[in-house]
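So you can see what is in the structure, the chains are spelled out below.
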Amino acid sequence: MQSYIVRPSKGIRGEIVVPGDKSISHRSIMLGSIARGETTVCGFLRGEDNIATLNAFRAMGVVINDDGETLRIEGKGLRGLAEPTNVLDCGNSGTSMRLLTGLLSPQRFYAVLSGDRYLRRRPMRRVVEPLGQMGACIFGREGGEKAPLTIVGSDLTGISYDSPVASAQVKSALMLAGLYAAGETRVTEPHLSRDHSERMFRHFGADIESGPAGVVVRGGRELEGRDIVVPGDISSAAFFMVAALIVPGSELLIRGVGVNPTRTGIIDILTTMGGSLELLDQREVSGEPVADLLIRSSRLKGIEIAGEVVTRAIDEFPVICVAAALAEGRTVVREARELRVKETDRIAAMATNLRAVGVTVTETEDGMEIEGAERIAGGTLESFGDHRIAMSMLVAGLAATAEITVSDTECIGTSFPTFFPLLERVTVL
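The model shown is predicted, which means the values in this text are computed figures rather than measured ones.

Calculation rules
Per-chain numbering applies: the sequence of each chain, read as written, is numbered from 1 onward. Given that the model is predicted, a residue must reach a pLDDT of at least 70 before its local features are reported, and side-chain atom pairs must reach 80 or more before they are shown or counted; all residues, however, enter totals for whole chains, interfaces and linings. Excluded from the side-chain calculation are hydrogens and water; included are all heavy atoms of the structure. A 1.4 Å probe rolled over the protein chains alone gives each residue an accessible area, and that area as a share of the maximum for its type sets the label: buried under 20%, exposed over 50%, partly exposed in between. Here a helix means four or more residues in a row that DSSP labels H or I, a strand means two or more in a row labelled E, and each is numbered from the N terminus. Contacts are assigned to residue pairs with any non-hydrogen atoms lying within 4.5 Å of each other. Pairs of N or O atoms are called polar contacts if they sit within 3.5 Å, as long as, within protein, a hydrogen donor faces a hydrogen acceptor (for residues adjacent in sequence, only side-chain-to-side-chain pairs). When two cysteine sulfur atoms lie within 2.5 Å, the pair is treated as a disulfide. In this analysis a 1.4 Å probe is tested at points of a 1 Å grid over the protein atoms alone, and where it fits but cannot get out there is a cavity; an open set with protein on both sides within 12 Å along at least five of seven lines is a pocket; lining residues have an atom within 4 Å of a point. Grid points are joined across faces, edges and corners, and a volume is the space filled by probe spheres set on the points. Each residue is assigned to one of three groups, with Ala, Val, Leu, Ile, Met, Phe, Trp, Tyr, Cys and Pro labelled nonpolar, Asp, Glu, Lys and Arg labelled charged, and all others, Gly among them, labelled polar. Two strands qualify as a pair provided DSSP detects at least 2 bridges between them. Each patch is built from residues that are more than 30% exposed by relative accessible area and take part in no salt bridge. Like charges join if they lie within 9 Å; nonpolar side chains (Val, Leu, Ile, Met, Phe, Trp, Tyr) join within 5 Å. Throughout, the Shrake-Rupley method with a 1.4 Å probe supplies accessible areas, and for residues the shown protein chains are the sole cover considered. By definition here, a salt bridge exists when the distance from a side-chain nitrogen of Lys or Arg to a carboxyl oxygen of Asp or Glu is within 4 Å. Two rings from Phe, Tyr or Trp (for Trp, the six-membered ring) form a pair when their centres sit within 6.5 Å of each other. Planes less than 30 degrees apart are called stacked, planes more than 60 degrees apart edge-to-face, and all others tilted. Axes, fitted as lines to C-alpha atoms, cover a helix only where it is in contact. Angles between the N-to-C directions of the axes lie from 0 to 180 degrees. Angle categories: roughly parallel below 35 degrees, roughly antiparallel above 145, roughly perpendicular from 65 to 115, and oblique for all the rest. A crossing counts as left-handed when the near helix is turned anticlockwise from the far one by less than a right angle, and as right-handed when that turn is clockwise.

Caption draft 1: Inspection of helix α12 (residues 346-356) at higher detail. For α12, every residue scored as buried is listed here: R346, I347, A349, M350, A351, N353 and L354. For α12, the elements touching its buried residues are α11 (317-325), β21 (360-364), β22 (367-371), β23 (379-382) and α13 (387-397). Between the side-chain oxygen of the N-cap and the backbone nitrogen of I347 there are 3.2 Å, and the N-cap of α12 in question is D345.

Shown next, in the form of structure tokens:
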């Protein structure tokens, strides 16, 4: 089991480019594979989660050429996928499994989705149940709650679904099924989740309407291959944003980051805490807003975090907790129950790790309270097999009083394979 040691830093300085957006990379493979004609993808994230999606479509007969810079996908059209001859392994990727469940439900073949021990513990009924309302035939452990999932392709009919959770994975699974369903598929949410699917569906020519009230997909229209440039992942940039804020003497420029407004909760939260973050050279690439981010070390203060901003920053909460641990005063996180069903229970995992380095943390059912400290102690911590927990605690080590060791860091490769070389490049010791 791989461990990594990080030592206190004298500054985070320089200029970096983070890997491509994980969510957009997944969707580029999926839509490119079921579109007609060629789709090219530049900036594809070659992390383990995205490679799991790529391999699944290759297993269904899609030719995907990769020269190291650009993917070229020979799209098969809506009905061109072939039945896989083996179980489709989603690894640790909840996005792969949940979105593929939607996409495979209307295919005219049989398929089985599985993954690693962490993914097999994650809840799947949230997509299985509404897909069942559309006519999907899906079987899984614990009544469809847990993988492996077995899918027998069926004719689907569009539904109106009021999702009890704001989840881009649930919404996207239903949207993918809706491409094949008779009539309209309508999805509404308590808060608008990230809208990469809506933007990419539109880019590929799907019959779609979307807005604050939800999304409507009309089935039956073929998609056409497109060129896609994937922006830098703001969830990956978040670790370096927080690092530059909490380590005195820091100034960091992160180029080409996606700043989709459904994903910029991290920027809003850190700015409200008093962080110095500037968006430079704002532009649009392949339908997605992009900017360069300039971050300078700042004196942060505790705040209350709740409501729609939680949805817009749901993946960044582990590193937000690190920022809160080094802020002046108390940070209160509410309405974040979704964190308990991520790769691990991220509320419990972060509370455990922060307490281990001397931070006072109180868990609640849907969040936590963190008492900020001037500095945090060193120690040996667990990743819990969660890439974002691992990277967050390594960031914490940059502002600790002694070195921090994080065990089981192989999981970082699922989303950020270049994390360690980038960290070493900008860290001043």
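Here the narrative resumes.
Caption draft 2: How the structure looks around the state of the cysteines. In the structure shown here, the tally under the stated rule is 0 disulfides. Among the cysteines around C137, which has no disulfide bond, C90 carries the closest sulfur, lying 18 Å off.

Caption draft 3: Structural context of the side chain of S96. Relative to the elements of secondary structure, S96 occurs in helix α3 (residues 94-104). Within the structure, the side chain of S96 is placed 2.7 Å from the side chain of S93, a separation counted as a polar contact. Not counting the four nearest positions on each side in its chain, S96 is found in contact with H26, M30, D49, A52, T53 and C90.

Caption draft 4: Layout of empty space enclosed by the protein. Under the counting rule described, the total for this entry stands at 3 cavities of 30 Å³ or more. Lining the largest cavity are I24, H196, R199, M200, H203, I228, V229, P231, S286 and E288. Put simply, the parts of the chain that give the lining of the largest cavity at least two residues each are α7 (196-203) and β15 (227-229). The greatest single-element share of the lining of the largest cavity, amounting to 4 residues, is contributed by α7. For the lining of the largest cavity, the class distribution of residues is 5 nonpolar, 3 polar and 2 charged. Along the walls of the second largest cavity sit R27, M30, L31, L99, S172, L176, S197 and F201, which together make up its complete lining. Within the residue set of the lining of the second largest cavity, elements represented by two or more residues are α1 (22-34), α6 (168-178) and α7. Ranked by residues supplied to the lining of the second largest cavity, first place goes to α1 with 3 residues. Across the lining of the second largest cavity, the residue classes tally to 5 nonpolar, 2 polar and 1 charged.

Caption draft 5: Up close: the pairing of strand β13 (residues 214-218). Relative to β13, strand β11 (residues 184-188) runs antiparallel, the two being bridged by 4 bridges. Bridge pairing links E184 to R218 in β13. Of the strand pairs in this sheet, strand β12 (residues 208-211) and β13 are connected by 4 bridges, and their pairing is antiparallel. Opposite I208, over in β13, you have V217 as the bridge partner. Hairpin connection between β12 and β13: a loop of 2 residues separates the two successive antiparallel strands.

Caption draft 6: Just unusual backbone geometry, in detail. With an omega of 5°, the peptide bond between A147 and P148 qualifies as cis. Summarising the element assignment, P148 is placed in strand β9 (residues 146-152). Phi angles above zero are rare outside glycine, and D281 is one such case at about 50°. Checked against the element boundaries, D281 lands in strand β17 (residues 276-285). A positive phi is found at D408, a non-glycine position, where the angle reads about 55°. Its place among the elements puts D408 in the loop between β24 (404-407) and α14 (419-426).

Caption draft 7: Here's a closer look at a nonpolar patch on the surface. Together, Y110, F139 and V152 make up an exposed nonpolar region whose accessible area comes to about 300 Å². If you trace the backbone, V152 turns up in strand β9. Take V152: its relative accessible area is 34%, and that puts it in the partly exposed class.

Caption draft 8: Spotlight on the packing of aromatic side chains. Evaluation of the coordinates by the stated rule reveals 6 aromatic pairs. Ring centres 5.5 Å apart and planes at 70° place the aromatic pair F416 and F419 in the edge-to-face group. A ring pair is formed by F419 and F420, whose centres lie 5.5 Å apart and whose planes are at 70°; its orientation type is edge-to-face. For the pair F419 and F420, one class covers both residues: buried. A connected cluster of aromatic rings, assembled from ring pairs, spans Y4, F239, F240, F416, F419 and F420.

Caption draft 9: Quick peek at the packing of α1 against α3. Viewed as axis vectors pointing N to C, α1 and α3 meet at an angle of 25°, and their least axial separation amounts to 11 Å. Accordingly, the angle class assigned to the pair α1 and α3 is roughly parallel. For the pair α1 and α3, the sense of crossing is right-handed. For the pair α1 and α3, the contacting residues are H26, R27, M30 and I34 in the first and T95, S96, L99, L100 and L103 in the second. Residue composition of the contact of α1 with α3, by class: 5 nonpolar, 3 polar and 1 charged.

Read these as layout, nothing more, since geometry by itself doesn't imply function.
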